[in-house]
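Structural characterization, general
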Amino acid sequence: MKVIVARGSGFCFGVKRALEIVEKALREERGPFYTLGPLIHNPQVVEKLSQKGLKIIDNLKGIKEGTFIIRSHGLPRATIELARKKGLRIIDATCPYVKRAQERARELEAGGYQLVIVGDRDHPEVKSMASEKSIILQRPSQVEKIESYPRMGVVAQTTQSLENFKGVVKRLGKKAEELKVCATICSAVSRQQRSTRKLAKQADLVLIIGGRNSANTKRLFQISKGFTETHHIERLSEIDPSWLKNKKMVGISAGASTPKWLINEVAREVKGL
Ligand code: SF4
């Protein structure tokens, strides 16, 4: 059986950077250390960081001192402001690409455009970009339900697929006299989606490795599923040997928060089976 790992699988630039920032803080700064929600969407990595002292919290209630780390997905400005007012030391690990998307969103609203965000309204990154007035759309079909505005501006959650974003933009063109488009999709995500699509077209089976809460992993799964049998796994133990029966070529791809050691472990296991 041939096992091929999609090019570019594993930590993206933003995740690597966030981990480096946090590891350094854990070594050099004074604790306690907090993040609002997991630092990245990978349970194994989050577990290791918690052993080193990084605590995950749901809100800032009761937190009076320590170091507050803004994770790679970013946070709404009001939350950062609250942490500042509490006197917490703030370390910002927001990915620069997410930051760029946040800035574009704010510029559009400040410029008088009705902001539209293409993404998942429950995702922390979208929450970090949105204001009370923003419109959040997941699919092109949802454009029909919104009102028309003279000036509209649109940004994307960085993990969006280009096809979906283009579909929304095309329909928005009919809703606004002026439409400003900021294609804030991350190039690392687009590349990984392309290499996964290519692999799925050739393989008899594809395994997508990554956290169940990871938006970009879920998107890779959706893409691959359109071409071949695909399973989304978080851990090695989730592989069912019956999936591999009579398969000649197995592809492996992984979300941007999946560590290389886990990808290698899965590849070894599949070859062994
Ligand atoms: S996927 Fe892209 S936007 Fe998201 S953290 Fe990685 S580099 Fe940043």
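Preceding this section is the structure that the text describes.
Conventions and cut-offs
- Residues numbered from 1 in each chain as written.
- Predicted model: local features only at pLDDT ≥ 70, side-chain atom pairs only at ≥ 80, totals over all residues.
- Heavy atoms only, no water.
- Helix = DSSP H or I, 4+ residues; strand = E, 2+ residues; numbered from the N terminus.
- Rg over C-alpha atoms; globule rule 2.2 N^0.38 Å.
- Contact = heavy atoms within 4.5 Å.
- Areas by Shrake-Rupley, 256 points an atom, 1.4 Å probe, with all protein chains shown as cover.
- Lys, Arg positive; Asp, Glu negative; His and termini not counted.
- Charge placed at Lys NZ, Arg CZ, Asp CG, Glu CD.
- Salt bridge = Lys/Arg side-chain N within 4 Å of Asp/Glu carboxyl O.
- Buried < 20%, exposed > 50% of the residue type's maximum accessible area, 1.4 Å probe, protein only.
- Expected span 1.5 Å × (residues − 1).
- Arc of directions from axis to C-beta.
- 1 Å grid on protein atoms, 1.4 Å probe; cavity = no way out; pocket = protein on both sides within 12 Å on 5 of 7 lines; lining within 4 Å.
- Points joined across faces, edges and corners; volume = space filled by probe spheres on them.
- Nonpolar A, V, L, I, M, F, W, Y, C, P; charged D, E, K, R; others polar.
- Domains from an automatic or database assignment.
- Near = heavy atom within 4 Å.
- Sits in = over half its atoms within 2 Å of the grid points.
- Axes fitted to C-alpha atoms, helices over the stretch in contact; angles between N-to-C directions.
- Parallel < 35°, antiparallel > 145°, perpendicular 65-115°, else oblique.
- Left-handed = near helix turned anticlockwise from the far one by under 90°.

With that settled, consider the overall build of the protein. Each helix and strand counted, the protein has nine helices and 12 strands in total. Relative to its length of 273 residues, the protein is compact, with a C-alpha radius of gyration of 20 Å against a globular reference of 19 Å. With the C-alpha coordinates of the protein rotated into their principal frame, the extents come out at 60 × 55 × 25 Å. Taking contacts inside the protein between residues at least 6 apart in sequence as the whole, the part at least 24 apart equals 69%. Put simply, the protein shows about 13800 Å² of open surface, and 49% of that area lies on carbon and sulfur atoms. Of the charged side chains in the protein, 50 are positive and 28 negative, and the gap between their average positions amounts to 4 Å.

On to the pattern of salt bridges, then. In this structure the tally under the stated criterion is 12 salt bridges. As a salt-bridge pair, Glu81 and Arg84 come within 3.7 Å of each other at their nearest N and O atoms. Taken together, the positions of Glu81 and Arg84, both in helix 3 (residues 77-85) and three residues apart, correspond to about one turn of that helix. The exposure class of Glu81 is partly exposed, given its relative accessible area of 37%. Its salt-bridge partner being Arg104, residue Glu107 comes within 3.1 Å of it at the nearest N-O pair. Pair noted here: Glu107 and Arg104 are both in helix 4 (residues 96-110), with a separation of three residues, about one helical turn. Judged by relative accessible area, Glu107 falls into the partly exposed class, the value being 46%.

Attention now moves to helix 1 (residues 13-28). Along its 16 residues, helix 1 runs 22 Å from first to last C-alpha, staying within 8% of the 22 Å computed at 1.5 Å per residue. Along helix 1, the residues classified as buried are Gly14, Val15, Ala18, Leu19, Val22, Ala25 and Leu26. Buried residues of helix 1, viewed axially, fall in a sector of 130 degrees; they line one side. Opposite the buried face of helix 1, at more than 90 degrees from it, the exposed residues are Glu20, Arg27 and Glu28.

What follows concerns the layout of surface pockets. By volume, the largest pocket is sized at about 800 Å³. Listed by contribution, the elements that provide at least two residues to the lining of the largest pocket are strand 1 (2-5), helix 1, helix 4, helix 7 (187-202) and helix 8 (215-225). At 11 residues, helix 7 tops the list of elements feeding residues into the lining of the largest pocket. Of the voids in this model, the second largest pocket is the one considered here, and its volume is about 320 Å³. Surrounding the second largest pocket, 14 residues form its lining, Gln160, Ala215, Lys218, Arg219 and Gln222 being those nearest its centre. When contributions to the lining of the second largest pocket are tallied by element, the ones reaching two or more residues are helix 6 (162-172) and helix 8. Among the elements that make up the lining of the second largest pocket, the one with the highest residue count is helix 8 (five residues). By residue class, the composition of the lining of the second largest pocket is two nonpolar, six polar and six charged. Shared between two domains, the lining of the second largest pocket holds at least three residues of each, these being domain 1 (2-10 + 188-272) and domain 3 (97-185).

Close to the ligand lie Cys12, Gly14, Cys95, Tyr97, Val98, Thr158, Cys186 and Val189. Structurally, the ligand is housed in the largest pocket. Classifying every residue of the shell around the ligand by side-chain character gives six nonpolar, two polar and no charged.

Looking now at the packing of helix 7 against helix 8. Between helix 7 and helix 8, the shortest axis-to-axis distance is 9 Å and the interhelical angle comes to 30 degrees. Considered as vectors, helix 7 and helix 8 are oriented roughly parallel to each other. Pair helix 7 / helix 8 crosses with right-handed handedness. Residues Gln192, Gln193, Thr196, Arg197 and Ala200 of helix 7 form the contact with helix 8, whose participating residues are Arg219, Leu220, Ile223 and Ser224.

Looking now at helix 3. Those residues of helix 3 that sit buried are Thr79, Ile80 and Ala83. Down the axis of helix 3, the buried set is contained in an arc of 100 degrees. They therefore lie on one face. Those residues of helix 3 that are exposed and aimed more than 90 degrees away from the buried face are Arg77, Ala78 and Lys85. Packing partners of the buried residues in helix 3 comprise strand 2 (33-36), strand 4 (67-70) and strand 5 (89-92). Positive phi shows up at Gly87, right after helix 3, with a value of about 80 degrees.

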